[in-house]
Amino acid sequence: MLRNTELSFIGHITEQALSEVRADKVFMGARGVSLEHGLTNDYLQETMTDRAILRIGREVVIVADHTKINRVATAFLASVEKIHTLVTDKDADKEFVKAIKKQNINVILA
């Protein structure tokens, strides 16, 4: 299925195609990043495709501004252990940044 708003594909055929691909790095956004609840999204139809994308990457880089930090959306994507690097902005919650670094996750403040 083509998402016209983002010009991206989601759905079963996309997930099947992704299962045959390997990537050194995956860059992905998320609606929510929480230490307790992990990566979450609020567009349910996209959830399985997002999970497939996360599986193919040897290294996962999550890009999420401060409004996504400590936020939990509807659908679970993956635990924070799946993240190798988090790119966020300088307004990100300082305690969250300290705590996620303790999980051996690299944090880049842009």
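The structure contained in this document is the topic of the report that follows. (Residues numbered from 1 in each chain as written. Predicted model: local features only at pLDDT ≥ 70, side-chain atom pairs only at ≥ 80, totals over all residues. Heavy atoms only, no water.)

Turning to the pattern of salt bridges, a few remarks are in order. Evaluated as defined, the whole model comprises 6 salt bridges. In this structure, K68 and D65 form a salt bridge, with 3.7 Å as the shortest nitrogen-oxygen distance. Take K68: its relative accessible area is 19%, and that puts it in the buried class. One network of salt bridges, in which partners are shared, links R3, E6 and E46. (Salt bridge = Lys/Arg side-chain N within 4 Å of Asp/Glu carboxyl O. Buried < 20%, exposed > 50% of the residue type's maximum accessible area, 1.4 Å probe, protein only.)

One broad rule of soluble globular proteins: the nonpolar side chains tend to lie buried together. Counting residues in each nonpolar core, the largest one holds 24 residues, and the members touching the most others are V33, L39, L54, I62, I83 and L86. Of all the secondary structure elements, the ones that give two or more residues to this core are β3 (23-29), α2 (47-56), β6 (57-63), β7 (75-78) and α3 (94-101). When sequence neighbours within four positions are dropped, the list of residues in contact with V33 reads G38, L39, I62, A64, K68, I69, N70, R71, I83 and F96. (Core = buried A, V, L, I, M, F, W, Y, C linked by side-chain atoms within 4.5 Å. Helix = DSSP H or I, 4+ residues; strand = E, 2+ residues; numbered from the N terminus. Contact = heavy atoms within 4.5 Å.)

It is worth spelling out the side chain of T14 at this point. For T14, the location among the structural elements is in helix α1 (residues 12-18). Accessibility expressed as a relative area gives 16% for T14, which makes it buried. Among all residues touching T14, those that are not within four sequence positions of it are F9 and T49.

A separate point is the pairing of strand β9 (residues 106-109). Examined bridge by bridge, strand β8 (residues 85-88) and β9 share 4 bridges and lie parallel to one another. Note that in β9 the partner of L86 across the bridge is V107. (Pairing = 2+ DSSP bridges.)

Within the structure shown, the criterion is met by 0 aromatic pairs. Sitting over the ring of Y43, R3 keeps its end group 4.2 Å from the ring centre. (Phe/Tyr/Trp six-rings, centres within 6.5 Å; stacked < 30°, edge-to-face > 60°. Lys NZ or Arg CZ within 6 Å of the ring centre and 35° of its normal.)

With that settled, consider the sheet that holds β7. Read across the open sheet, the 3 strands follow the order β4-β5-β7; overall the sheet is antiparallel. Bordering the open sheet on either side are β4 (32-34) and β7, each of which pairs with just one other strand. The mean angle between the axes of side-by-side strands here comes to 35 degrees, regardless of whether they run parallel or antiparallel. Sheet strands touched by α2: β5 (38-41) and β7. Its angle to β7, the strand with the most contacts, is close to 10 degrees. (Axes fitted to C-alpha atoms, helices over the stretch in contact; angles between N-to-C directions.)

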